[in-house]
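Chain and residue survey
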Amino acid sequence: MPSIARRVQPFGTTIFAQINTLAARYGAVNLGQGRPDVDGPASIIEAAVDALTSGRGNQYPSGLGVLELREGIARHVEHFYGLKVDVESGVVVTNGAAEGVYSAVQGIVNEGDEVILIEPFFDTYLPSVINAGGVPVYVPMRPPQWTFDPDELRAAFNERTAAIILNTPHNPTGRVFTREELQLIADLCIAHDVVVISDEVYEHLTYDHHHHIPIATLPNMFERTLTISSGAKTFSFTGWKVGWVYGHPDLMTGVWRIHQNIVYAVNGPAQYGIAHALTLDDSYYNALRTSYNERRLQLLEALQASGLKPSTPEGAFYIMADFSEVFDGDDLAFAEFLIREVGVATIPPSSFFSDANRCIGSKSVRFSYCKQARVIDAAAERLLKLKSRV
Ligand SMILES: Cc1ncc(COP(=O)(O)O)c(C=O)c1O
């Protein structure tokens, strides 16, 4: 009997698909997946439609990405971070940030190399490492601050370490890494000749006094960092799957070689749409941040009122909330209970941890506030049912 490869057997169905199916079955208000319920600006759609009807992008675009988009990415990175990116050899447009991370890992990691994953981590990172033949090495962050222990991080580096995957602002915890944390990571990467694969899809979503610092901007880091971002969260077009990787041409060659051999190119009209998005001025980003901040505060208040213990997020659009005062069980059991009995869907974060550290996430669930205020209100009203359980 033929069977699927051993490599893919442990991967299973993603938690997002499982939760979405259950949420739909029970009519739950879905604060699970990080999928905005309102599309981004109409002008971005118009730019993609124009590319369709005018015949631009209907045939295979450049495998690197359409020039207008690569130029837009280079402009964006220089404008916000002062980094210079070569549009011919320093950037590749990918099928979302997910392919960006995947291709970065395949382009850097040799069989048997160690790759450090800071836990909890976005769920595609581990399959990316395993498919490259890499060996994951875990460094956990712990609640309620969701920081890592510097000594545990130091201990994870050795002569076999090829890469570390970083994500800031962070999904699911909402952490924004400080300059000190990033400098420690940078120092260790320089000392051990390690590449950083930095997933920055929430780069524009930071709150209060927190600011996003790309690790590539730290001294001597550009040449050892592959930075990934995407139009999904910044412009609210998660369905378009237009992302990108930028970095030093010497490292980008690896990304390009794998990218051209798995997908070759990315949807043409969508690329023109995101190229237009990158011409929007700073007021767009400020309005996005303000709007998410309002919903962050709205959801925080609702969670506190329900008897949960949320951590205050510094960035992205998620809140981790400890449920141990209202429910006696693990995160998957609580997420199922919330869907069935309360009518609200969340993501249980233990699938973002290694088996050894799964217990760290087993008393929290992740709520997303990339939803309209009225949807958050509807969830808030239902969550009040939890209050009687405190
Ligand atoms: C940290 C992180 N990286 C990558 C992605 C995937 O981004 P894309 O849809 O652009 O592939 C997500 C989506 O939720 C994410 O949270």
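Residues numbered from 1 in each chain as written. Predicted model: local features only at pLDDT ≥ 70, side-chain atom pairs only at ≥ 80, totals over all residues. Heavy atoms only, no water.

With that settled, the discussion passes to the sheet that holds strand β10 (residues 309–310). The sheet built from three strands is open, its strands ordered β10-β11-β13 with antiparallel pairing. The open sheet terminates on both sides in strands that have one partner only, identified here as β10 and β13 (364–368). Examined bridge by bridge, β10 and strand β11 (residues 318–322) share two bridges and lie antiparallel to one another. Bridged to P310 within β11 is A321. (Pairing = 2+ DSSP bridges. Helix = DSSP H or I, 4+ residues; strand = E, 2+ residues; numbered from the N terminus.)

It is worth spelling out the pattern of salt bridges at this point. Taken as a whole and judged by the stated rule, the model has 13 salt bridges. With a closest N to O distance of 2.9 Å, R160 and E114 form a salt bridge. Here the residue R160 occupies a position in the loop between α6 (150–156) and β6 (161–167), and E114 occupies one in strand β3 (residues 114–119), the gap between them amounting to 46 residues. Of the charged contacts in the structure, one is a salt bridge between E159 and R160, with a shortest N-O distance of 3.5 Å. We classify E159 as exposed; its relative accessible area is 70%. A relative accessible area of 43% places R160 in the partly exposed class. One salt-bridge network, held together by shared partners, links E114, E159 and R160. (Salt bridge = Lys/Arg side-chain N within 4 Å of Asp/Glu carboxyl O. Buried < 20%, exposed > 50% of the residue type's maximum accessible area, 1.4 Å probe, protein only.)

The full set close to the ligand counts 14 residues, and D199, Y202, S230, K233 and K241 are the nearest of them. Between the ligand and A98 there is a distance of 2.9 Å, counted from an oxygen atom to a backbone nitrogen or oxygen. Between the ligand and the protein, one listed contact pairs an oxygen atom with a side-chain N or O atom of K233 at 2.7 Å. In the complex, the protein chains occlude 93% of the 400 Å² of accessible area that the ligand would expose alone. At the level of secondary structure, the elements contributing two or more residues to the shell around the ligand comprise α4 (96–108) and α8 (231–234). Ranked by the residues each element gives to the shell around the ligand, the list is headed by α4, at three residues. By residue class, the composition of the shell around the ligand is seven nonpolar, four polar and three charged. (Near = heavy atom within 4 Å. Polar contact = N/O pair within 3.5 Å; in protein donor to acceptor, adjacent residues only side chain to side chain. Areas by Shrake-Rupley, 256 points an atom, 1.4 Å probe, with all protein chains shown as cover. Nonpolar A, V, L, I, M, F, W, Y, C, P; charged D, E, K, R; others polar.)

This part takes up the pairing of β11. Counting buried positions over the five residues of β11 gives four, a clear majority of the element. With five bridges joining them, β11 and β13 adopt antiparallel strand pairing. When the bridges of β13 are listed, Y318 appears paired with S368.

Residues spaced three or four apart along an α-helix face the same direction, because each turn holds 3.6 residues. Buried within helix α12 (residues 331–342) are the following residues: D331, F334, A335, F337, L338, I339 and V342. Those residues of α12 that are buried lie in contact with α1 (15–26), β12 (344–345), β13 and α13 (373–383). At the N-terminal boundary of α12, the capping side chain belongs to D330, with an oxygen 3.3 Å from the backbone nitrogen of L332. Once α12 ends, the next one or two residues include G343, with phi positive near 85 degrees. (Contact = heavy atoms within 4.5 Å.)

Domain annotation for the chain reports domain 1 (15–40 + 283–389) and domain 2 (42–281). Once you take the C-alpha centre of each, domain 1 and domain 2 turn out to be 25 Å apart. When the two sides are added together, the surface that domain 1 and domain 2 hide from each other amounts to roughly 3300 Å², 58% of it contributed by carbon and sulfur. Interface area lost by domain 1 to domain 2 is led by Y285, E314 and F352, which between them contribute 24%. At the junction of domain 1 and domain 2, the tally comes to two salt bridges. The partner of E314 in a salt bridge is R175, and the shortest N-O contact between them spans 2.9 Å. For the pair domain 1 and domain 2, the interface holds 21 residue pairs in polar contact (both at pLDDT 80 or more). Those elements giving two or more residues to the side of domain 1 that touches domain 2 turn out to be α11 (282–305), β11 and β13. (Domains from an automatic or database assignment. Buried area = accessible area lost by both parts, 1.4 Å probe.)

Spatial strand order, β2-β9-β8-β7-β6-β3-β4-β5: eight strands in an open sheet with mixed pairing. Here the strands that pair on one side only, and so sit at the sheet edges, are β2 (91–95) and β5 (147–148). Strand direction decides the pairing type here: β2 and strand β9 (residues 242–247), joined by five bridges, are antiparallel. Directly across from N95, in β9, lies its bridge partner V242. Against the sheet, α4 touches β2, β6, β7 (195–199), β8 (225–230) and β9, its axis set at about 165 degrees to β8. Set on the sheet, helix α9 (residues 249–262) makes contact with β2, β7, β8 and β9; between it and β2 the angle comes to about 35 degrees. (Axes fitted to C-alpha atoms, helices over the stretch in contact; angles between N-to-C directions.)

This part covers the nonpolar core. Core analysis: the largest hydrophobic core is formed by 97 residues, its most contacted members being F334 and F367. Among the elements that make up this core, the one with the highest residue count is α11 (seven residues). Taken domain by domain, this core gets at least three of its residues from each of domain 1 (15–40 + 283–389) and domain 2 (42–281). Non-local contacts of F367, meaning those with residues more than four positions away in its chain, are made with L31, L299, L303, L308, F317, Y318, I319, A321, L338, V344, T346 and L383. With 28 residues, the next largest nonpolar core counts I116, M141, I185 and F353 among its residues. (Core = buried A, V, L, I, M, F, W, Y, C linked by side-chain atoms within 4.5 Å.)

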